[in-house]
Amino acid sequence: MAAGRDLNETLQDFLSACARFLLYAGAVAAVGAAGLLIFTIIRMADPGAASQTADALRNVGIFQNVLLVSVLAAGVGASYMFWGEDLLSGGLLILAAVLYFAPLYIPMMVANSDQNDAGRKSYEALQSAGTWLGVIAIIVVVADLFNRVRNRSKEGVKADLLKYGKGVKQEQDRENVFLGKCWQLPFCRKFVRERCPIYHSKRTCWKEQVGCMCEEQVIKGAMENRPIPKDALLAAQMIPRNHKLTPAQKKERCNVCVIYNEHQRHKYRALLPGVLAGFIAFYVLFRSPLMSGMTALVGQINKVMYGFTYGASGQQKIPVLFTEMLLVVFFLVALSYALKMIEYAVFKLKI
Ligand code: SF4
Ligand code: SF4
């Protein structure tokens, strides 16, 4: 066991060292290659440098490959090192946009914005690196979403944040009824249930604000084998009442109870398909107007850049594929925030 853990830790350390190397070496190489590509653009904008176009084209080919490999390495390294950090996908997306929009702002630094083949190829190299970094960012967003949803659906809030029923094993004799009452969930223990007034009255502990995880009387009744009438109304009269705590304090107990966490986990799983289906339906139904809006927005940014730089930039055409990709990114980011809001509402506010 210890040997297995050591092996695991060694592997983790090795992977972390690799990720660090990929991130730092990739970042240094990417900055260098991008800098040389920008230098080439500036140099090639000088009509006097036309005789160096062939040499420049050869160099651009090399810089392009270096930039692509280094951006991928840095992207993968950063994703491993900062996995789970909120800023990871946003940071990658911003860097991807900086590279992709190079043709919008680099012309500001160039006296003559007409470019020969080497200059144009340099722009393409920057944009291609930006596209691949964007792809990594999208993969990170999707994987993070998937991971988050899977963890929340599986365990709700983290076990160490729970106070009542912490460490209680799930019962095997109970079927976990989706959105069921407390006695239909797997934390209802058979020996307590048989003498539990909440079960016999067919009520729900969190509605009564008293139950087997928080109220001594319920457990005591089970230990003493106190008989409970089979009639639901009579059984309800046996539900213990705690007058020492306010309803708000009782609600606080539920918020950190394993049973209520299970109930909230069911709520979360019930809300998920609705939110996902809503987003997909919205995208499919409104794709056309959304694409028009996005194209107009990108055109507007282009126009603003053109105005701000007195025509020195912002004249490049933005491909439809990029606009679509941008729309998908906005959707994924919006979906990610919608899911975070549901998480917050269900697991923090305990709505
Ligand atoms: S209060 Fe506890 S023992 Fe009673 S029915 Fe609910 S989960 Fe079962
Ligand atoms: S804390 Fe709430 S959910 Fe847990 S047993 Fe008590 S009443 Fe039920």
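Residues numbered from 1 in each chain as written. Chains lettered and ligands numbered in written order. Predicted model: local features only at pLDDT ≥ 70, side-chain atom pairs only at ≥ 80, totals over all residues.

1. Section: the domain arrangement of the protein
Quick reminder of the rule: An automatic or database domain assignment supplies the start and end points of every domain.
On domain assignment, one finds that the protein holds domain 1 (2-158 + 269-348) and domain 2 (176-244). Computed from C-alpha atoms alone, the centre-to-centre distance between domain 1 and domain 2 is 54 Å.

2. Focus: the site of ligand 1
How we decide: Nearness here is judged by the C-beta atom: place it from the backbone, and if it falls within 6 Å of a molecule or strand, the residue counts as near that partner. A run of DSSP states H or I qualifies as a helix once it reaches four residues; a run of E qualifies as a strand once it reaches two. Both are numbered from the N-terminal end.
Around ligand 1, the structure places 13 residues, and the nearest of them are Cys182, Cys188, Cys196, Gly211 and Cys212. At the level of elements, helix H6 (190-193) and helix H7 (197-200) are the ones that each hand at least two residues to the shell around ligand 1.

3. Overview of the packing of helix H3 (residues 86-100) against helix H5 (residues 117-155)
Counted only if it meets this: Note on method: axes are straight lines fitted to C-alpha atoms, helices fitted across the in-contact stretch only, with angles between N-to-C directions ranging 0 to 180 degrees. Each angle receives one of four descriptions, namely roughly parallel if under 35 degrees, roughly antiparallel if over 145, roughly perpendicular if within 65 to 115, and oblique otherwise. We call a crossing left-handed when the near helix sits turned anticlockwise from the far one by less than a right angle, and right-handed when that turn is clockwise. Think of it this way: build a C-beta for each residue from its backbone, and any pair within 7 Å is a contact. When residues are grouped by polarity, Ala, Val, Leu, Ile, Met, Phe, Trp, Tyr, Cys and Pro land in nonpolar, Asp, Glu, Lys and Arg in charged, and all others, Gly among them, in polar.
Viewed as axis vectors pointing N to C, H3 and H5 meet at an angle of 165°, and their least axial separation amounts to 7 Å. One finds that H3 runs roughly antiparallel with respect to H5. Of the two elements, H3 crosses H5, and the hand of that crossing is left-handed. Two secondary-structure elements touch here, H3 through Leu88, Ser89, Leu92, Leu93, Leu95, Ala96, Ala97, Leu99 and Tyr100 and H5 through Leu126, Gln127, Ala129, Gly130, Thr131, Leu133, Gly134, Ile136, Ala137, Val140, Val141 and Asp144. Here the residues of the contact of H3 with H5 are counted per class, giving 15 nonpolar, five polar and one charged.

4. Structural notes on the environment of Leu99
Counting through the fold element by element, Leu99 comes out in helix H3. C-alpha separation for the pair Leu99 and Pro229, spaced 130 residues apart in sequence, amounts to 73 Å. Aside from chain neighbours lying at most four places away, what touches Leu99 is Leu126, Gln127, Ala129, Gly130 and Leu133.

5. Details of the site of ligand 2
Surveying the vicinity of ligand 2 reveals 15 residues, the closest of which are Cys205, Gly211, Cys214, Cys254 and Cys257. Partitioned by chemical class, the residues of the shell around ligand 2 number 12 nonpolar, two polar and one charged.

6. Quick look at the nonpolar core
Spelled out, the test is: Joining buried Ala, Val, Leu, Ile, Met, Phe, Trp, Tyr and Cys residues through C-beta atoms within 7 Å gives a set, and that set is a nonpolar core. The exposure scheme places C-beta atoms from the backbone and then counts, for each residue, the other C-beta atoms within 10 Å of its own, assigning buried at 20 or more, exposed at 12 or fewer, and partly exposed in between.
Ranked by internal contacts, the top residues of the largest apolar core, which has 36 residues, are Leu37, Leu67, Leu92 and Leu133. Elements represented by at least two residues in this core include exactly helix H1 (2-44), helix H2 (53-81), H3, helix H4 (102-105) and H5. Contacts of Leu37, omitting those with residues within four sequence positions, involve Val60, Phe63, Leu67, Ser122, Ala125 and Leu126. Within the second largest apolar cluster, 25 residues are counted, among which are Ile198, Tyr199, Met213 and Cys254.

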